[in-house]
Amino acid sequence: MVSRRRFLGSAIAVAGATAGFTALNPSSAQAVAQADPEVIVRPGDARYAELAERGYNNRFVATPDEIWLVHCASQVEKAVNQAVAKNQRITVRSGGHCFEGLVDDPQFRLLVDLSEMKNVTFDRTMNAFAVEAGARLGEVYKALYEGWGVTVPGGVCPEVGVGGHVSGGGYGPLSRRHGLVVDHLYAVEVVVADRGGKARTIIATRDAGDPNRDLWWAHTGGGGGGFGIVTRFWFRTPGASGSASALLPRPPARMRKTIVTWPWAQLTEAGFTRMVLNHGAWHAANSAPGSVYSAMHSSLQLHSSLAGTVQLEIRMDATLKDTAKLHDDYIRAVNAGVGLEPTVDITEGTWLEIALEPTPSYGEYARQKSMGGHLRKPLTEAQVGAIYRSLNDPNHFGAGLVYLAAYGCKINTVESSATAIPQRDSVLKLWYSNNWADPAQDETEVGWLRTLRKNVHGATGGFPVPNGRQDGGYINYPDVDMRDPVQNTSGVPWYSIIWKDNYPRLQRVKNTYDPKNVFRHALSLDPA
């Protein structure tokens, strides 16, 4: 890769884990079938702490009686059958990046860890790419690209596990061009529990005649761990045919990644407001299907003033004839009238080099609170003012962040009922986040995030309730406050904030495939 720094307006300068532990990383599904070790780790085992503490948010640490490190669906069935027989609350972990305590909750006594299930292969019988649910996005990107030259439009963090990311309706840098990752989901393999509590494995496809099609549909945005345990996904773009290399999108040969930075010390409130309003207006005008900017993804990252900077990250296809002009025009539009010249760091490399760059770590700032949603129209000036005040709160010492990510374009060509994730006419994805280190600061820092959210969405009870300007929450940015009437004063049920009119169908799936409510967490649906 080649990286250069320049200032806006100057010339572009870019060159071109009580069974014994067995480690297993099979290269094929056949190897798994030949040797599936049973790995069950309990407290007192030297491996327990590392396996229990894999979660992203240190506010929540798993304390299960057993951790099952599984290698196939039959082992998951065995775990489910034991959990039902012994009345153990069961949960599942893929990559461990859940922001809330939906996995790492003391109520859960049996944790199914999928991290050894990470094969990526081409399944000729299904004519689709098979991805085990414990694989991480970076592993999937690398295997698909190096093997077949294709990819799925998943998230920007290569460390995230596909299990929850896909089931929640994941998006990423290629989504404006190719849609959400679930728009390419052909089938799912799910371990469910029948009315007698007995586990069974179902493969559900999007085929119109599939009697289990609704189970597939529930995993196109209904979230992970609420209907069963997904062990495998199959991907194939609808309508695609031909060889394997023609069945999924091909990423650009080269990508441009740019970080635009404004220092807080020189950024006035007027300049900050202008920047955020510019950014919103630009996305409102450039997020329609077919936009020339569908090849570009960006995120405006409004950090707390203590962080020292505000940043705009851009990722776009570097092979387009107009890449340089589109890139610079966009930065100028966001910066117009801000009164401050930002620095612009440009990196070019292969798509895989850019996609596999590790996500910056928060280090010891590993305690977290967040929530997110969708915007149909940009934030108003009053809402931006509320954000500015929170980011400059002198009593706040966490790594606060308001993250506004590009959305729309191809995403918005799909009907809202076609997938479980219904937000199909938004222009921005919104995420509020706060990280801190000291447990003694939990109340203060959680309170900071809640105040920010309430002030920005005060007109709709403290949450982005669907209306003409905003379009509800996102299960992959979970916030259990939505279930609390003290926090959620909108009068709108939490499930309607997330899934809108798709909720009744999701509940029917829950009734059909998990009638005993074996698979449940703080934001899963209850059987009717």
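Residues numbered from 1 in each chain as written. Predicted model: local features only at pLDDT ≥ 70, side-chain atom pairs only at ≥ 80, totals over all residues. Heavy atoms only, no water.

- Labelled according to an unreviewed UniProt entry, the protein chain appears under the name FAD-binding oxidoreductase, originating from Streptomyces lannensis.
- UniProt's Sequence similarities (unreviewed entry) comment on the protein chain is quoted here verbatim: "Belongs to the oxygen-dependent FAD-linked oxidoreductase family."
- The protein chain has a UniProt comment under Cofactor (unreviewed entry) that states "FAD". (UniProt positions renumbered as here; feature names shortened; annotations may be inferred.)

1. Section: the packing of aromatic side chains
No. 1: Scanning the model with the defined rule gives 21 aromatic pairs in all.
No. 2: Taking the centre distance of 4.9 Å and the plane angle of 85° together, the rings of Tyr-474 and Tyr-477 count as edge-to-face. Pair check on accessibility: Tyr-474 and Tyr-477 agree, each one buried.
No. 3: Of the aromatic side chains, those joined through ring pairs into one cluster are Tyr-56, Phe-99, Tyr-171, Tyr-403, Tyr-407, Trp-431, Tyr-474 and Tyr-477.
No. 4: Sitting above the plane of the Tyr-474 ring, Lys-429 keeps its charged end 3.4 Å from the centroid.
No. 5: The ring of Trp-217 carries Arg-505 above its face, with NZ or CZ at 3.9 Å from the centroid. (Phe/Tyr/Trp six-rings, centres within 6.5 Å; stacked < 30°, edge-to-face > 60°. Buried < 20%, exposed > 50% of the residue type's maximum accessible area, 1.4 Å probe, protein only. Lys NZ or Arg CZ within 6 Å of the ring centre and 35° of its normal.)

2. Considerations on the nonpolar core
A general feature of soluble globular proteins is that nonpolar side chains tend to end up buried together.
No. 1: In terms of nonpolar packing, the biggest core is built from 130 residues, with Val-112, Phe-272 and Leu-302 touching the most fellow members.
No. 2: If one sorts the elements of this core by residue count, strand S8 (residues 185-193) sits on top with 6 residues.
No. 3: Residue contacts for Val-112: discarding those within four places in its chain leaves Trp-68, Val-70, Val-76, Ala-79, Ile-90, Thr-91, Val-92, Arg-93 and Ile-229.
No. 4: In terms of nonpolar packing, the next biggest core, distinct from the first, is built from 10 residues, Val-39, Val-41, Ala-52 and Leu-69 among them. (Core = buried A, V, L, I, M, F, W, Y, C linked by side-chain atoms within 4.5 Å. Helix = DSSP H or I, 4+ residues; strand = E, 2+ residues; numbered from the N terminus. Contact = heavy atoms within 4.5 Å.)

3. Concerning the packing of helix H11 (residues 381-391) against helix H12 (residues 442-456)
No. 1: Direction vectors running N to C along H11 and H12 enclose 165°, while the axes themselves pass 8 Å from each other. For the element pair H11 / H12, the angle class is roughly antiparallel. Of the two possible hands of crossing, H11 and H12 adopt the one that is right-handed. Contacts between H11 and H12 pair Gln-383, Ala-386, Ile-387, Ser-390 and Leu-391 from the former with Trp-448, Leu-452, Asn-455 and Val-456 from the latter.
No. 2: Here the residues of the contact of H11 with H12 are counted per class, giving 6 nonpolar, 3 polar and no charged. (Axes fitted to C-alpha atoms, helices over the stretch in contact; angles between N-to-C directions. Parallel < 35°, antiparallel > 145°, perpendicular 65-115°, else oblique. Left-handed = near helix turned anticlockwise from the far one by under 90°. Nonpolar A, V, L, I, M, F, W, Y, C, P; charged D, E, K, R; others polar.)

4. Describing the sheet that holds strand S4 (residues 90-93)
No. 1: With respect to topology, 4 strands assemble into an open sheet ordered S2-S3-S5-S4, the strand pairing being mixed. Only two strands of the sheet have a single partner each, and these edge strands are strand S2 (39-41) and S4. On average, each strand axis in the sheet is inclined to that of its neighbour by 25°, with strand direction left out of account.
No. 2: Taken together, the 3 bridges between S2 and strand S3 (residues 66-69) define a ladder with antiparallel strand orientation. Of the residues in S3, the one forming a bridge with Ile-40 is Trp-68.
No. 3: The strands touched by helix H3 (residues 73-85) within the sheet are S3, S4 and strand S5 (110-113), with S3 carrying the most contacts at an inclination of about 160°. (Pairing = 2+ DSSP bridges.)

5. Digging into the sheet that holds strand S7 (residues 128-132)
Remark on secondary structure: sheet strands pair via backbone hydrogen bonds, oriented parallel or antiparallel.
No. 1: On the basis of which strands lie adjacent, the open sheet formed by 5 strands has the order S6-S7-S10-S8-S9 and antiparallel pairing. Because the sheet does not close on itself, it has two edges, and the strands there are strand S6 (120-123) and strand S9 (199-205). For this sheet the average axis-to-axis angle between neighbouring strands, irrespective of direction, equals 25°.
No. 2: Bridging between S8 and strand S10 (residues 229-235) involves 6 bridges; their strand directions are antiparallel. Looking at S10, one finds that Glu-189 is bridged to Arg-232.

6. Examining helix H9 (residues 323-335)
No. 1: End to end, H9 covers 18 Å across 13 residues, agreeing with the expected 18 Å (1.5 Å per residue, within 8%).
No. 2: Those residues of H9 that sit buried are Thr-323, Leu-326, His-327, Asp-328, Tyr-330, Ile-331, Val-334 and Asn-335.
No. 3: After H9 finishes, the residue Gly-337 shows a positive phi value of roughly 80°. (Expected span 1.5 Å × (residues − 1).)

7. Notes on the pattern of salt bridges
No. 1: Across all of its chains, the model carries 30 salt bridges by this definition.
No. 2: The partner of Arg-42 in a salt bridge is Glu-66, with the nearest N and O atoms 3.0 Å apart. One end of the pair, Arg-42, is in the loop between S2 and helix H2 (48-52); the other, Glu-66, is in strand S3, with 24 residues separating them in the sequence.
No. 3: We classify Arg-42 as partly exposed; its relative accessible area is 27%.
No. 4: For Glu-66, a relative accessible area of 6% puts it in the buried group. (Salt bridge = Lys/Arg side-chain N within 4 Å of Asp/Glu carboxyl O.)

8. Considering the packing of helix H8 (residues 269-285) against H9
No. 1: The N-to-C vectors of H8 and H9 enclose an angle of 135°; their axes lie 7 Å apart at closest approach. Judged by the angle between their axes, H8 and H9 are oblique. Together, Met-275, Asn-278, His-279, Trp-282 and His-283 of H8 and Tyr-330, Ala-333, Val-334 and Asn-335 of H9 make up the contact between the two elements.
No. 2: Among the residues forming the contact of H8 with H9, the class breakdown is 5 nonpolar, 4 polar and no charged.

9. Here we look at unusual backbone geometry
No. 1: Phi at Asn-87 is positive, roughly 55°, even though this residue is not glycine.
No. 2: In this fold, Asn-87 is placed in the loop between H3 and S4.
No. 3: We classify Asn-87 as exposed; its relative accessible area is 73%.
No. 4: Even without being a glycine, Asn-517 presents a positive backbone phi close to 55°.
No. 5: Along the polypeptide, Asn-517 turns up in the segment after helix H14 (503-513).
No. 6: With relative accessibility at 14%, the residue Asn-517 sits in the buried group.

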